[in-house]
Amino acid sequence: MKKFLAISVAALALCAFIAVGSMAAEEKTMKASGEKEFNEHCAVCHPAGGNIIDSAKTLKKKDLDANGIKTSADIVKLIRNPKAGMTKFGKKTISDKNAKAIAGYIMTTFK
Ligand code: HEC
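All of these numbers come straight from a predicted model, not from anything done at the bench. (Residues numbered from 1 in each chain as written. Predicted model: local features only at pLDDT ≥ 70, side-chain atom pairs only at ≥ 80, totals over all residues. Heavy atoms only, no water.)

J.: Let's hear about the pattern of salt bridges: which residues, and what values?
T.: Evaluated as defined, the whole model comprises 7 salt bridges. Ionic pairing is found between Arg80 and Asp96, a salt bridge with its closest N-O pair at 2.9 Å. Of this pair, Arg80 sits in helix α3 (residues 72-80) while Asp96 sits in helix α4 (residues 96-109), placing them 16 residues apart in sequence. Among the residues examined, Asp96 registers a relative accessible area of 36% and is labelled partly exposed. The salt bridge partner of Asp96 is Lys91, with a shortest N-O separation of 3.2 Å. The exposed category is assigned to Lys91, whose relative accessible area is 56%. Salt bridges sharing common partners tie together Lys36, Glu37 and Glu40. (Salt bridge = Lys/Arg side-chain N within 4 Å of Asp/Glu carboxyl O. Helix = DSSP H or I, 4+ residues; strand = E, 2+ residues; numbered from the N terminus. Buried < 20%, exposed > 50% of the residue type's maximum accessible area, 1.4 Å probe, protein only.)

J.: Now, about the layout of surface pockets: what can you tell me, with residues and values included?
T.: Space inside the largest pocket adds up to approximately 680 Å³. Along its surface, the largest pocket is lined by 29 residues, and His46, Asn51, Lys57, Leu78 and Met86 are the ones closest to its centre. Considering only residue class, the lining of the largest pocket consists of 15 nonpolar, 8 polar and 6 charged. Here the second largest pocket defines a volume of roughly 180 Å³. Glu27, Met30, Lys31, Ser72, Lys100, Ala101, Gly104, Tyr105 and Thr108 are the residues that line the second largest pocket. Elements with a minimum of two residues in the lining of the second largest pocket: α1 (2-41) and α4. Counting residues per element, the lining of the second largest pocket draws most heavily on α4, at 5 residues. Of the residues that constitute the lining of the second largest pocket, the class distribution is 3 nonpolar, 3 polar and 3 charged. (1 Å grid on protein atoms, 1.4 Å probe; cavity = no way out; pocket = protein on both sides within 12 Å on 5 of 7 lines; lining within 4 Å. Points joined across faces, edges and corners; volume = space filled by probe spheres on them. Nonpolar A, V, L, I, M, F, W, Y, C, P; charged D, E, K, R; others polar.)

And the structure:
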């Protein structure tokens, strides 16, 4: 019985280890695709997280905070339904998954 318990614990630990490992890998690919999609669709107007049209509305945390953009979901909303001067991106151009990846990339990259 003791041996069985030890094996179960070891198996559980191994599962947890594998799960964490693949989660980290997925996070990495999300970040890579977010960067790629950002460079493709957004960087023309937001080079290095700036804003060539309205310098008070960069993608840096200070401006996002000041403009009420607090979460990745807020960024996804803006991608789908932007304000004046920004291109509107539908699901055909940027899938939901890629929109989330871009939002995550912005939140973690431009400080
Ligand atoms: C044609 C130029 C253009 C492109 C392309 C563009 N944007 Fe924008 N973006 C703007 C402008 C202009 C604003 C300011 C709009 C306003 O008045 O709130 C803006 C604002 C934003 C804001 C809010 C910033 C703030 O501090 O209020 C976010 C977030 C944002 N854009 C993300 C994106 C993302 C993500 C993409 C690519 C999917 C993108 N933009 C593509 C021009 C652009």
